Amino acid sequence: MKKIVIVGAVGGGATVAGQIRFYDPDAHIVVFDRDSTMSYAACGTPYVIGGVIEDERSIIMTDPEKFKKKRDVNVKLQHEVLEIDREGKKVHVQNLVTGEQFQESYDTLILSPGGSAVMPDVEGIESSKVFTLRNYEDMQRIDQFIKTQQPKNAIVSGGGFIGLEMAENLKHLGLDVTLVHKSPTIMSILDTDISLLIEKELALQGVKLLTGTTIEKTEGKTIKLGNGIDLQADFIIMSIGLKPNTELAEKAGLNIGETGGIQTNEFMQTNDPSIYAIGDASENSDMVTGDPKRVPLASPAHRQAFIVAQHLTGNKLAKKGLLGTSVLKVFSLTAAMTGLNERSIKDKNLQSATVTHTGNSNAGYYPDHAQITLKVHYNPETRKILGAQCIGGKGVDKRIDVIVTAIYAGLTVDDLQALELCYAPPYSSPKDPINMIGYKAITK
Ligand code: FAD
């Protein structure tokens, strides 16, 4: 019987355990996680804090007891894997409750250790109430603080996905929110014109935005910014980035790539073929350019779990590379993107042209239509699509998902005019924004 040990019991780890069991009824599967909650939707945590999701337990998919009963997988929470002995094919584990240490042997080891929130070195930070939001316990800490201390104002440091979701949810609770962001515009994965539309929405919703600066020093509730401004805040949410958890892999001599993630081949194997790495800590390649890429999002972790389960059960299903497809709700706006943005196209010195279309999500005479802007970058010679961004009301995610499929299938920008997409007035128009991009590209 094959013995599989997995490090991490959330996004990638719990998924790969379930997938392997689906294809291999006999494997002996053991999962270790140093936290005390398994298989929860980290993506739902900002909405629990904001009260949009009322029952915090609803974001937990399962627990060790249920998982054992349903999938015959042994999950050991509050167990930290301290070291990998590659020669002996064993991991060294510590029970964080009892302090007991022991060894667990493996035939295959799967690493899905995720990442840790980056905490900047700020003078006086220990005198202030500062939170990061990375796991279930972080969510509970923030939620408890808000419920018991009834704060009036908050600073969110970092205008990426988590920062913006937290800004919206704290505002939803009636707090006075200031978002502080280091770069001149927020959401660096988007083109600047799209980011600016998000900034406009934040202003409309009463979130104060200070860009081009960072928190330099804190003295209790007084927060001093690099631009000389002093703010008052009852607490800070620090959401300035994620560092992949690669210490275990590094100590074991596994290769770390240029993105800082654990290098993997097309089947998610590391340089040791009996050790796989998936999820936020793994390095993969860019589907468009082939360059190394790391995408710390849930969808890639789930796709990678499937590739590993397939490989372990005899199906060599190679990965295709990542696009970094993502979507974000900011109050009444949705912004989504896939593939390369203007900045990465410029950095990589690629030839590109862009078609933009602003129009209605669905028939303009139908009551709940909304405006959307769709931007598609393509190579003017090969006509292949390099990336796309979309922002507006409803239907933004659907347009980006169509572009994802087009890139995956190797379609050209001109092919978009020919796609026969769903149409009825509540959903689209006979000439969908996707078709419009194709028409415009052909005439360009
Ligand atoms: P994780 O799910 O983080 O799991 C890693 C686990 O490994 C952790 O529990 C950790 O404690 C454990 N671990 C690490 N080292 C050890 C060790 N040595 N021993 C034992 N255990 C260890 N993605 C999206 O696609 N869409 C979203 O809307 C979205 N929103 C998000 C919102 C928030 C607030 C956060 C935090 C993340 C969000 N994500 C979102 C990202 C998504 O949750 C992750 O990409 C996904 O969970 C990655 O899975 P993973 O298995 O790599 O890491």
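Residues numbered from 1 in each chain as written. Predicted model: local features only at pLDDT ≥ 70, side-chain atom pairs only at ≥ 80, totals over all residues. Heavy atoms only, no water.

### A closer look at the packing of aromatic side chains
Stage number 1. Enumeration according to the criterion identifies 7 aromatic pairs in this entry.
Stage number 2. A centroid spacing of 6.1 Å and a plane angle of 65 degrees characterise the contact between Y23 and F306, whose relative ring orientation is edge-to-face. Of this pair, Y23 sits in helix 1 (residues 11-23) while F306 sits in helix 8 (residues 298-312), placing them 283 residues apart in sequence.
Stage number 3. For Y23, a relative accessible area of 34% translates into the label partly exposed.
Stage number 4. The partly exposed category is assigned to F306, whose relative accessible area is 29%.
Stage number 5. With a centroid separation of 5.3 Å and 55 degrees between ring planes, the pair formed by F131 and F145 is classed as tilted. (Phe/Tyr/Trp six-rings, centres within 6.5 Å; stacked < 30°, edge-to-face > 60°. Helix = DSSP H or I, 4+ residues; strand = E, 2+ residues; numbered from the N terminus. Buried < 20%, exposed > 50% of the residue type's maximum accessible area, 1.4 Å probe, protein only.)

### What to know about the sheet that holds strand 22 (residues 326-330)
Stage number 1. Read across the sheet, 5 strands follow the order 22-23-26-25-24 without closing on themselves; strand pairing throughout is antiparallel. Pairing within the sheet leaves two strands with one partner each, and these edge strands are strand 22 and strand 24 (353-360). Direction aside, the axes of adjacent strands within the sheet are offset by 10 degrees on average.
Stage number 2. Lying over the sheet, helix 10 (residues 396-409) contacts strand 22, strand 23 (333-339), strand 25 (371-378) and strand 26 (385-392), oriented at roughly 175 degrees with respect to strand 26. (Pairing = 2+ DSSP bridges. Axes fitted to C-alpha atoms, helices over the stretch in contact; angles between N-to-C directions. Contact = heavy atoms within 4.5 Å.)

### A look at unusual backbone geometry
Backbone geometry follows two general trends: most residues other than glycine have a negative phi, and most peptide bonds adopt the trans configuration.
Stage number 1. Despite not being glycine, Q78 shows a phi value in the positive range, around 55 degrees.
Stage number 2. You will see that N349, though not glycine, has its phi angle at about 55 degrees, which is positive.
Stage number 3. According to the relative accessible area criterion, N349 is exposed, its value standing at 70%.

### Some words on the nonpolar core
Inside soluble globular proteins, nonpolar side chains tend to come together where they are buried.
Stage number 1. If you look at the biggest cluster of nonpolar residues, it comprises 37 residues, and the most contacted ones within it are I49, L164, L170, I198, L202, F235 and I237.
Stage number 2. The dominant element in this core, judged by the number of residues it contributes, is helix 4 (residues 136-149), at 5 residues.
Stage number 3. Beyond its immediate sequence surroundings of up to four residues, F235 is in contact with K129, F131, F145, I146, P151, N153, A154, I155, L170 and L175.
Stage number 4. One finds I29, V31, V75 and I110 within the second-largest nonpolar core, a separate group that totals 24 residues. (Core = buried A, V, L, I, M, F, W, Y, C linked by side-chain atoms within 4.5 Å.)

### Structural notes on the pattern of salt bridges
Stage number 1. A full pass over the atoms with the stated rule returns 24 salt bridges.
Stage number 2. One salt bridge connects K147 with D143, and the closest N-O pair in it is separated by 2.8 Å. With K147 and D143 both in helix 4 and 4 residues apart, this pair spans about one turn of that helix.
Stage number 3. K147 sits in the exposed class, given a relative accessible area of 54%. (Salt bridge = Lys/Arg side-chain N within 4 Å of Asp/Glu carboxyl O.)

### Remarks on the UniProt feature "domain: FAD/NAD(P)-binding" (unreviewed entry) in the chain
Stage number 1. As recorded in UniProt, the sites labelled "domain: FAD/NAD(P)-binding" (unreviewed entry) are residues 3-305.
Stage number 2. Secondary structure content for residues 3-305 is 26% helix and 29% strand, and the end C-alpha separation is 17 Å. (UniProt positions renumbered as here; feature names shortened; annotations may be inferred.)

### Observations regarding the sheet that holds strand 9 (residues 130-131)
Stage number 1. With parallel pairing, 5 strands are arranged side by side in an open sheet as 9-16-10-11-12. Only two strands of the sheet have a single neighbouring strand rather than two, namely strand 9 and strand 12 (208-211).
Stage number 2. Summarising the sheet, strand 10 (residues 153-157) and strand 11 (residues 176-181) pair through 5 bridges and their orientation is parallel. The residue of strand 11 that forms the bridge with N153 is D176.

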